Amino acid sequence: MTDTPQLGFDTLQVHAGARPDPATGARQVPICQTTAYVFRDAEHAAALFNLQEVGYIYSRLTNPTVAALQERIATLEGGVGGVCCSSGHAAQIMALFPLMQPGRNIVASSRLYGGTVTQFSQTIKRFGWSAKFVDFDDHDAVAAAIDDDTRAVFCEAIANPGGHITDLDAISAISDAAGIPLIVDNTSATPYLCRPIEHGATLVVHSTTKYLTGNGTVTGGCIVDSGKFDWAANDKFPSLSQPEPAYHGLVFADTFGPMAFTFHGIAIGLRDLGMTMNPQAAHYTLMGIETLSLRMDRHVQNAMTIAQWLKDDPRIDDVTYAGLPTSPYAHLVPKICPKGAGGLFTIAVKGGYDACVKLVDSLEIFSHVANLGDTRSLVIHSASTTHRQLSPEQQKAAGAGPNIVRLSIGIEDAKDLIADLDQALAKAVG
Ligand SMILES: *Cc1c(COP(=O)(O)O)cnc(C)c1O
């Protein structure tokens, strides 16, 4: 169904990538719980291993259930191909892997999921890669941070934890001028609220763990390629533009054109890094995506109602929800995420660290968990959990200071969520 781009989002979230099973007629995508696939004959096997024919060899590389999900997410994002993997963090490493070499760097937003800040500021150093963190509201600073060794610009469309919106058009103009790809983590927005490729993103990464699956059941990740970047325009991306010794000197950019990144992600990335998504996880995520737009509309509606209530509450110093007309990011909503600013924001609680801890412990409907994007409302005190490994300066830059609590607003009745917040604030702040 991907040949029919005129179909609407609600139709594609149910149908893209799925067709009745040719063997059985099964209407729902079967869970192909198999490790390997029988070759027709030795010639067929050789053609598959040489990448001369596309097909299934071994489920570390490809699996039909996972392939259906890859096609569905790529279609919803408006990309040419997708590669699913075992988690959102795996997707980030898989996205960077073909672009990077020892000594290369990325320019990344200082407002990112806490785990991503740790991955980029600490762990990628083991590969000889590094990250420069910049305030992405300061476009001159982003441009100035790019140097000859920079191989990607990285940001979140709606940034965790504060729900701040990135001006993707402005950032992609900067990465385009420098001839490097823009990678956008679209986890918090989802393709229903924001389509980064339409704003110039080269690659979109997801933690499918969050809103795409939507019910807190499985971890997963995905990388979607826009197919628009010319990897062979210069010598910056040799993994894609130079002969690949592991495939008899095949040049991915020449052989696969706009699908070069996707094929590299499967044939080299999954084959050798092995961060594979399993078919059960793909099944849960396919089920979740079928209702994505319905859930996101409710997340947005509830987040708006609750943010408005909190904004006027004397126990709260600040509410970061970009959907509020008073937000400094409100002007970006119609451009970047016209259907709403998502379901995620932070509040600054009077009484600081101690009041925040009390608030989190007193909530009854909201669950205190290190997750977001669930049908259930979730809460976390970032400074004592997800952003604990960060320095006080990094915490502040990431919007996760000691007086800040993050809310991931679920799809329950808004009045019940407000009542829960009201009773917990009474205990925490008085
Ligand atoms: C959760 C999250 C990640 C990491 O994803 P995992 O599936 O937990 O590995 C990355 N980016 C954002 C914005 C997230 O919310």
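No experiment lies behind these values; they were computed from the predicted model shown.

(A) The domain arrangement of the chain, seen in detail. Looking at the chain, the domain boundaries give domain 1 (9–99 + 181–288) and domain 2 (292–428). The C-alpha centroid of domain 2 is placed 32 Å from the C-alpha centroid of domain 1. With 20 residues of domain 1 at the interface, the matching set in domain 2 holds 23 residues. Roughly 1700 Å² of surface becomes buried between domain 1 and domain 2 when both sides are summed, with 57% attributable to carbon and sulfur atoms. At the junction of domain 1 and domain 2, the tally comes to zero salt bridges. Taken together, the connections running from domain 1 to domain 2 amount to ten residue pairs in polar contact (both at pLDDT 80 or more). When residues of the side of domain 1 that touches domain 2 are traced back to their parent elements, those giving at least two are helix 1 (9–15) and helix 8 (190–193). Looking at the side of domain 1 that touches domain 2, the element that brings in the most residues is helix 8, giving four residues. Its residues assigned to classes, the side of domain 1 that touches domain 2 comprises eight nonpolar, ten polar and two charged.

(B) Quick look at helix 3 (residues 64–77). In this model, helix 3 (14 residues) spans 20 Å end to end at C-alpha, consistent with the 20 Å of a helix rising 1.5 Å per residue. Counted residue by residue, helix 3 has eleven buried out of 14 residues, so it is predominantly covered. When helix 3 is considered as a whole, its buried residues turn out to be T65, V66, A68, L69, Q70, R72, I73, A74, T75, L76 and E77. Where helix 3 is buried, its residues touch helix 1, strand 1 (81–85), helix 8, strand 8 (203–207), strand 9 (221–225) and helix 12 (279–289). The N-cap residue of helix 3 is N63: its side-chain oxygen and the backbone nitrogen of T65 are 2.9 Å apart. Downstream of helix 3 by a residue or two, G78 has a phi angle that is positive, lying close to 75°.

(C) Layout of the pattern of salt bridges. Evaluated as defined, the whole model comprises 16 salt bridges. The shortest N-O distance in the salt bridge between D416 and K415 comes to 2.9 Å. One salt-bridge network, in which partners are shared between bridges, spans R111, D135 and D137.

(D) Just the sheet that holds strand 2 (residues 105–109), in detail. Taken together, the seven strands give an open sheet; going across it, the order is 1-9-8-7-4-2-3, and neighbouring strands pair in mixed fashion. Taken across any chain shown, the strands that pair with only one partner, and hence form the sheet edges, are strand 1 and strand 3 (130–134). Strand-to-strand twist in this sheet, taken as the mean axis angle between neighbours without regard to direction, amounts to 20°. Strand direction decides the pairing type here: strand 4 (residues 150–156) and strand 7 (residues 182–185), joined by four bridges, are parallel. Counted as the bridge partner of V153 is L182 from strand 7.

(E) Main features of the site of the ligand. With respect to spatial proximity, 15 residues lie near the ligand, and among them G88, D185, S207, T209 and K210 are the closest. Between an oxygen atom of the ligand and a side-chain N or O atom of T209, the distance comes to 2.7 Å. Its free accessible area being 370 Å², the ligand has 92% of it covered by the protein chains. At three residues, the largest contribution of residues to the shell around the ligand is made by helix 4 (residues 88–96).

(F) Quick peek at the packing of helix 15 (residues 352–362) against helix 17 (residues 414–428). Between helix 15 and helix 17, the least distance of the axes is 8 Å, while the angle of their chain directions is 140°. Relative to helix 17, the element helix 15 is oriented oblique. Crossing angle aside, the handedness with which helix 15 passes helix 17 is right-handed. Facing helix 15, whose interface residues are A355, K358, L359 and S362, helix 17 presents Q423, A424, L425, K427 and A428. Along the lines of polarity and charge, the residues of the contact of helix 15 with helix 17 split into five nonpolar, two polar and two charged.

(G) Broad picture of the pairing of strand 1. Burial runs high along strand 1: five of the five residues are buried. A two-sided burial pattern is seen for strand 1, the buried positions comprising G81, V83 and C85 on one face and G82 and C84 on the other. Relative to strand 9, strand 1 runs antiparallel, the two being bridged by five bridges. Across the sheet, the residue bridging to C84 is C222, located in strand 9.

Each value, and the rule that gives it
Residues numbered from 1 in each chain as written. Predicted model: local features only at pLDDT ≥ 70, side-chain atom pairs only at ≥ 80, totals over all residues. Heavy atoms only, no water. Domains from an automatic or database assignment. Contact = heavy atoms within 4.5 Å. Buried area = accessible area lost by both parts, 1.4 Å probe. Salt bridge = Lys/Arg side-chain N within 4 Å of Asp/Glu carboxyl O. Polar contact = N/O pair within 3.5 Å; in protein donor to acceptor, adjacent residues only side chain to side chain. Helix = DSSP H or I, 4+ residues; strand = E, 2+ residues; numbered from the N terminus. Nonpolar A, V, L, I, M, F, W, Y, C, P; charged D, E, K, R; others polar. Expected span 1.5 Å × (residues − 1). Buried < 20%, exposed > 50% of the residue type's maximum accessible area, 1.4 Å probe, protein only. Pairing = 2+ DSSP bridges. Axes fitted to C-alpha atoms, helices over the stretch in contact; angles between N-to-C directions. Near = heavy atom within 4 Å. Areas by Shrake-Rupley, 256 points an atom, 1.4 Å probe, with all protein chains shown as cover. Parallel < 35°, antiparallel > 145°, perpendicular 65-115°, else oblique. Left-handed = near helix turned anticlockwise from the far one by under 90°.

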